[in-house]
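These are the residues of each chain, in order.
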Amino acid sequence: MIVNGHSYYSLRYGTLSLRELVQSAVELDIGTLVLTDINNSSAALDFVKLAKEKGIKPLIGIEFHDATGWLFTLIAQNNEGFYQINHYLSSFLMQGREFEKYPPYLEDTLVIFPLNAKRIRNLRANEYFGVLPHQCTHLLKFKEEDLKKCVALHTVTFQPKQKYYQLHRILRAVDLNTTLPKLKENQVAPRNQFFTNLDRVKAKYEMYPQLIEQGKALLEKCHVDFEYGIPKNKAVFGESEEADQELLLQIAEEGFRYRYDVQNRKARERFEKELNVIIDLGFVSYFLITWDIIQYAKSKGYHHIGRGSGANSIIAYCLKITDVDPIDLDLYFERFINPHRTSPPDFDIDFSWDERDDVTEYIFRKHGAEFVGLITTYNTFKTKSAIREIAKTFALPKEDIDRLIRYPEHVLNANKVTRELLYYANLVNGFPNYLGIHAGGVIISEEPLFNYTAMQMMPKGFPIVHWDMYVAEDIGFHKYDILSQRGLGHIKEAVEIIQKNQGIEVDIHQVDEFKKDEKVRRQLQSGNTIGCFYIESPAMRGLLNKLRCDNYISLVAASSIIRPGVAKSGMMKQYIERFHDRSFTYLHPIMKEHLSETYGIMIYQEDVIKIAHYFAGIDLADADILRRAMSGKFRSKKEMERVVNLFFENCKERGYPDELTKEVWRQIESFSGYSFSKAHSASYAVESFQSLYLKAHFPLEFMVAVINNRGGFYGSEFYINEARNAGAVIKEPCVNRSEVNATIYGKDIYIGLSFVRELEYRLIKRILWERKENGNFQSIQDFMERIHPSLEQVMILIRTNALRFSSLSKKELTWQCQFILKGTPKPNPTKNLFRLETRNYQLPKLEHNPYDDYMDQIELIGYSIDSPFQLVKSTLKRSLFARDLKTHADQVIYIAGYYVAQKKVKTVKHELMKFGCFIDQEGQFFDTVHFPDTLSKYPLQGRGCYYIMGKVVLDFGYPNVEVIKVKKLEWRERSEFFALRQAQEPQE
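Since the structure is predicted, the reported quantities are computational estimates derived from the model, not experimental observations. (Residues numbered from 1 in each chain as written. Predicted model: local features only at pLDDT ≥ 70, side-chain atom pairs only at ≥ 80, totals over all residues. Heavy atoms only, no water.)

Asks: Is there a simple way to explain unusual backbone geometry in this structure?
Replies: Peptide bonds are mostly trans, and most non-glycine residues show a negative phi. The phi dihedral of Asn39 is positive, around 55°, even though this residue is not glycine. Along the chain, the position of Asn39 falls in the loop between strand 2 (32-38) and helix 2 (44-53). Of note in this structure, His910 is not a glycine but carries a positive phi near 65°. Note on placement: His910 falls in the loop between strand 18 (892-906) and strand 19 (912-919). For His910, a relative accessible area of 65% translates into the label exposed. (Helix = DSSP H or I, 4+ residues; strand = E, 2+ residues; numbered from the N terminus. Buried < 20%, exposed > 50% of the residue type's maximum accessible area, 1.4 Å probe, protein only.)

Laid out in structure tokens, this is it:
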């Protein structure tokens with residue numbers, strides 16, 4: 001008999017986890033189990049490993065389904081057969097084609113057709129009919145010869161209980177985007193597809209016992225296995241291992257001379273030591289492939305940042321993979337590669353968001369499509385999304401679903417249907433739903449990847465393997481993380497804008513010079529870091545002020561302690577206190593010996609390894625398991641429990657008081673999921689210093705680049721505000737001066753045409769092309785004849801003042817354009833030989849109210865490019881400015897602020913409080929604290945200007961306003977605003 005199972009990696013079909021599937025087989029004494037997930041190979045490698053551990057012979061295959069149901073099942077007779085199945089499945093998944101009804105001949109596979117399939121004459125030697133237990137009566141008309149091509153087939157899809165069959169039906173309805181009553185018989189599995197006593201199953205075949213023997217005989221000839229933990233990455237970069245070693249030595253030596261004085265003995269010793277380890281452990285090609293990726297990026301003018309644990313390596317520094325000097329920061333190589341580490345090395349390479357795809361495409365071209373794949377992530381059902389998905393299958397209306405999500409305690413939710421829905425939502429929680437793309441993980445294999453997985457094309461145009469980073473690591477792949485971020489985009493663009501606007505070339509890689517630059521250090525210490533990568537949030541700017549941060553080393557520490565794990569544990573506060581008062585006592589002398597740089601506080605992942613090793617006596621391999629678990633990158637709970645027990649046992653043996661052991665463990669545990677390696681923080685700090693240099697020396701060009709990359713903590717209007725603070729003159733969009741994005745001429749910054757909402761991109765392209773080919777527009781008539789805009793589009797340009805070159809008011813332009821459009825035929829792609837004559841109209845005097853300009857900007861750009869306080873009714877005479885706050889410590893003050901952002905937090909009593917961020921009337925930032933009692937009485941009401949009464953509290957010299965009262969300010973009416981502006985104008 002063939003017993004084949006579907007795990008829940010038969011997406012939106014199976015309900016069994018791998019462990020449940022294998023454990024059930026163990027309990028029923030099933031000696032051979034075939035995993036045949038539907039159109040998916042995600043679980044195959046884990047299944048083989050787990051089944052062997054449990055004493056079960058594992059076999060693997062794929063069950064092919066289309067919209068009509070089960071087509072056929074392919075089972076691998078050996079590893080070559082698994083390759084053939086993966087290659088065949090991938091040929092459809094990569095091209096988005098529908099499956100064939102019958103597969104081609106695949107020599108090393110078994111093919112099982114459903115018995116109810118159209119009768120196939122002349123079955124090949126490896127093809128059979130699968131007879132399910134309830135189908136034996138269908139064989140009465142079969143001839144004896146036909147029965148030789150039939151095998152007993154017991155398929156398992158769900159657990160025996162009725163609730164799991166119902167869960168299977170729900171998953172099918174989710175997959176098909178239908179409701180439960182509309183499901184058809186061929187869209188769900190038969191009710192009996194669950195594990196049961198094999199004797200009962202065999203009894204169903206008592207008339208045809210040969211079917212059981214035939215299935216058994218087929219499986220006895222099959223065997224698959226994999227070598228786990230054996231490196232499978234591309235082993236050789238060039239022609240041979242010897243050639244690779246020679247190349248690595250050559251380019252590393254060149255890099256050493258670029259980075260260091262040749263007489264630097266410390267660096268030289270480290271350099272030689274690392275080279276030996278890299279060669280001994282077989283990672284030469286890994287370094288060379290990464291170096292080659294960087295070389296390609298440089299050839300294209302791309303900027304990159306190498307970060308992660310790879311920045312611990314002096315060889316990576318010399319190969320210019322990273323700009324982090326491990327000697328300078330005392331980073332130890334063993335955090336990246338050492339014989340004790342249980343995980344492979346890992347380079348994280350960041351590129352600009354608009355360059356990463358090209359780099360990824362280069363990797364596929366260079367190493368071959370069959371050898372390269374992106375790692376997948378399993379996007380799972382989560383509580384709220386599961387409720388929504390399942391509610392649709394129950395045919396609940398949207399209003400009921402929204403109420404259930406937003407107000408779960410609502411009285412209308414207390415009914416039988418809702419209770420059942422929530423039960424199944426909880427049951428499916430954590431099931432894989434669909435395959436996604438890992439943030440940047442790329443694997444490059446020595447052998448074709450089809451040996452291990454099927455592959456499928458994703459919408460971005462790159463194929464993924466069917467398993468995640470944990471399976472990749474188990475089988476022996478170490479990934480290359482090719483990542484993207486907008487921070488690099490604005491650094492690169494800023495350099496280009498500086499060259500264009502000032503004619504100055506900036507070498508952005510001279511980070512060592514930036515670290516010594518006094519102007520940069522003052523910029524950092526001031527906390528004026530808006531737009532700078534990773535250090536611009538209110539919390540980070542406050543931390544920089546509290547630490548008086550003015551150097552690279554302290555910025556590296558700040559980049560780590562701002563992380564939630566460190567902050568939540570109270571260690572961030574303790575770190576700041578110890579920075580200001582050095583008369584503290586270390587928890588233990590080992591802390592003083594190994595954590596003196598961070599005042600005895602663990603703030604880096606490396607600190608976990610140090611303390612586990614030196615304090616608790618855990619060896620480096622187990623210490624690394626602990627470190628990886630703390631950073632969320634280890635999935636073996638059993639191994640983790642062993643190391644945790646070892647920690648406490650060793651501490652007890654060493655005679656540590658229980659209170660000391662518990663406190664050290666509390667600090668380690670608080671890192672969970674949030675900690676940085678020191679090298680990672682150092683890499684972030686490098687990029688921060690690059691941003692700081694540009695902001696300190698070229699603030700206008702830098703802010704234009706930040707605006708154009710449309711990424712960062714704040715919205716565009718606040719980066720425009722920052723540019724204005726730096727001396728820029730902000731100009732509205734202009735068809736004669738603006739480009740797609742913001743543009744700078746001297747100190748004038750023009751808002752880009754693409755920032756205008758609802759302005760068609762094809763119109764923008766036409767304006768820019770026409771301007772480039774035939775020069776600026778001379779009159780509104782000239783513009784209309786050359787561009788042929790629709791009335792709707794030209795009205796948008798008028799309202800954003802983009803046609804002001806005509807010297808006509810908005811109302812005059814509106815009349816003029818309507819006259820032109822009424823008298824002009826529909827756009828003709830050919831140019832007019834003669835200019836069309838238009839009548840001149842004498843318009844009455846049309847008054848212009850600047851209030852309308854503000855409203856137009858808010859509607860069409862999203863914000864006013866001038867100060868929003870000009871619209872406020874109140875005079876705000878008592879209001880202080882942000883620059884005054886430090887001199888009013890412990891005093892109750894009034895201050896007006898324009899809302900920027902807020903952060904919600906829960907107190908120890910689980911009450912809601914908020915931290916607010918505002919800009920004052922001068923455009924300077926300040927922060928507020930809204931405690932629960934105040935927040936409930938005076939809630940923040942979104943965007944707008946507020947009048948705040950509060951007490952100024954200095955936190956290590958950094959001012960916060962603890963809010964007592966807050967009032968959202970009203971805007972002036974249109975007539976009010978016009979009257980005020982007229983009164984302010986000088987009299988003739």
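Still to come is the rest of the account.
Asks: What is the right way to look at helix 10 (residues 284-299) in this model?
Replies: Within an α-helix, residues lying three or four positions from one another point in the same direction, as the helix has 3.6 residues per turn. Compared with the 22 Å implied by 1.5 Å per residue over 16 residues, the 22 Å span of helix 10 between its first and last C-alpha is a close match. The buried count for helix 10 comes to 13 of 16 residues, which makes it a mostly enclosed element. At the C-terminal side of helix 10, Gly301 shows a positive phi close to 80°. (Expected span 1.5 Å × (residues − 1).)

Asks: Is there a simple way to think about the packing of helix 35 (residues 791-799) against helix 36 (residues 810-822) in this case?
Replies: Two quantities define a packed helix pair, namely the angle between the axes and the distance from one axis to the other. As a packed pair, helix 35 and helix 36 sit with axes 10 Å apart at the nearest point and diverge in direction by 160°. The pairing of helix 35 with helix 36 is recorded here as roughly antiparallel in orientation. As for how helix 35 packs across helix 36, the hand of that crossing is right-handed. The residues of helix 36 that touch helix 35, namely those facing Leu791, Val794, Met795, Ile798 and Arg799, are Lys810, Leu813, Thr814, Cys817, Gln818 and Leu821. Here the residues of the contact of helix 35 with helix 36 are counted per class, giving seven nonpolar, two polar and two charged. (Axes fitted to C-alpha atoms, helices over the stretch in contact; angles between N-to-C directions. Parallel < 35°, antiparallel > 145°, perpendicular 65-115°, else oblique. Left-handed = near helix turned anticlockwise from the far one by under 90°. Contact = heavy atoms within 4.5 Å. Nonpolar A, V, L, I, M, F, W, Y, C, P; charged D, E, K, R; others polar.)

Asks: Any chance you could explain the sheet that holds strand 7 (residues 150-156) here in plain terms?
Replies: Here seven strands make up a closed barrel; going around it, the order is 1-2-3-4-5-6-7 and the pairing mixed. Across this sheet, the average inter-strand angle for adjacent strands is 35°, counted without regard to direction. For strand 4 (residues 69-76) and strand 5 (residues 109-114), the ladder comprises four bridges, and the chain directions are antiparallel. Bridging across to strand 5, Ile75 finds its partner in Leu110. On the sheet, helix 2 packs against strand 2 and strand 3 (57-66) and is oriented at approximately 150° with respect to strand 3. Sitting on the sheet, helix 3 (residues 79-93) touches strand 3, strand 4 and strand 5, and the angle it makes with strand 4 is about 145°. (Pairing = 2+ DSSP bridges.)

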